[in-house]
Amino acid sequence: MSRTRRLALIASIVTAACLVAGGSFVVGSAVFGTARSATAENATAGLSVPGARVTLAPVERADTSIPVREQVVTGALGDRGRSGAVTFAYAGDSITARPDSWLHVIESDARLHAVGGYAHSGYRADQVLHEIGPVPTADVLVVELGTNDVNQAVPTATTIANVDAVVRKVGAQHVLVVAGPPSDWTSSHWGADRRAGQLVLSRALERDAIEHGWSYVDPFTAFRQADGAWVRGSSPDGIHGTAATNVGIAREMASAITAAARRD
């Protein structure tokens, strides 16, 4: 074999090796890709389904205007020595976890005390189920979940099953289920109609609460238009409420938590 042909052969081998290492392989003169880029929108994550395991796209990226570390809340909040306060646990997503959320507004309310829970922006119900722990000392468990399930086209029945599992895992004395928030968005990366989906979710959550004898609240009534969108000026992004909106939502939540704790 001539020196030129030997060099050409070596170059071909090196090129093929590089392509394989990069997630491609060579057949004849064609190159076939085998690796998928691991972006936030096309990587996969496990979804809990009773009796099965389904793989769906992962959580959509959280609002980058607020650091993600500030969008995770866990454990007790506020002063421990609130004598006579209604104690509650929380299970939620960004509607609960964001720095200006109803939960943080309620922190200063001496009549209430959050004694545990878990909320994470962008999380589905099954993801919160995985992270949350028992809080049996809580008078009330507040469940605000499903927004990201709707966004990711998770079947409503699956969301409800995971909500029920959260309730069992936390083990609080009473349960308060929260309606899905309004939405200005009628589409998502997963092909879901977020606005219509929130309305469907809310009806399902209310039915589930009635069937189990739990309390149910829609704290967004004053901020939701007839078609399910946010009232003009009440949301900065079509997904979350403004700080002023959240004060109104917190007022409704405080009343609902107190009422749920007194329910027989």
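Relevant structure appears above.
Residues numbered from 1 in each chain as written. Predicted model: local features only at pLDDT ≥ 70, side-chain atom pairs only at ≥ 80, totals over all residues. Heavy atoms only, no water.

### Some details on the pattern of salt bridges
Evaluation of the coordinates by the stated rule reveals 4 salt bridges. In this structure, D126 engages R124 in a salt bridge whose closest nitrogen and oxygen atoms are separated by 2.8 Å. A single burial state applies to D126 and to R124, both of which are buried. The partner of D218 in a salt bridge is R224, and the shortest N-O contact between them spans 2.6 Å. By relative accessible area, which is 26% here, D218 ends up partly exposed. (Salt bridge = Lys/Arg side-chain N within 4 Å of Asp/Glu carboxyl O. Buried < 20%, exposed > 50% of the residue type's maximum accessible area, 1.4 Å probe, protein only.)

### Section: helix α7 (residues 194-212)
Here α7 spans 26 Å end to end across 19 residues, near enough to the 27 Å set by a 1.5 Å rise per residue. For α7, every residue scored as buried is listed here: R194, R195, G197, Q198, L201, S202, A204, L205, D208 and A209. Capping the start of α7 is the job of one residue whose side-chain oxygen sits 3.2 Å from the backbone nitrogen of R195: D193. Looking one or two places after α7, you find G213, whose phi comes out positive at around 75°. (Helix = DSSP H or I, 4+ residues; strand = E, 2+ residues; numbered from the N terminus. Expected span 1.5 Å × (residues − 1). Polar contact = N/O pair within 3.5 Å; in protein donor to acceptor, adjacent residues only side chain to side chain.)

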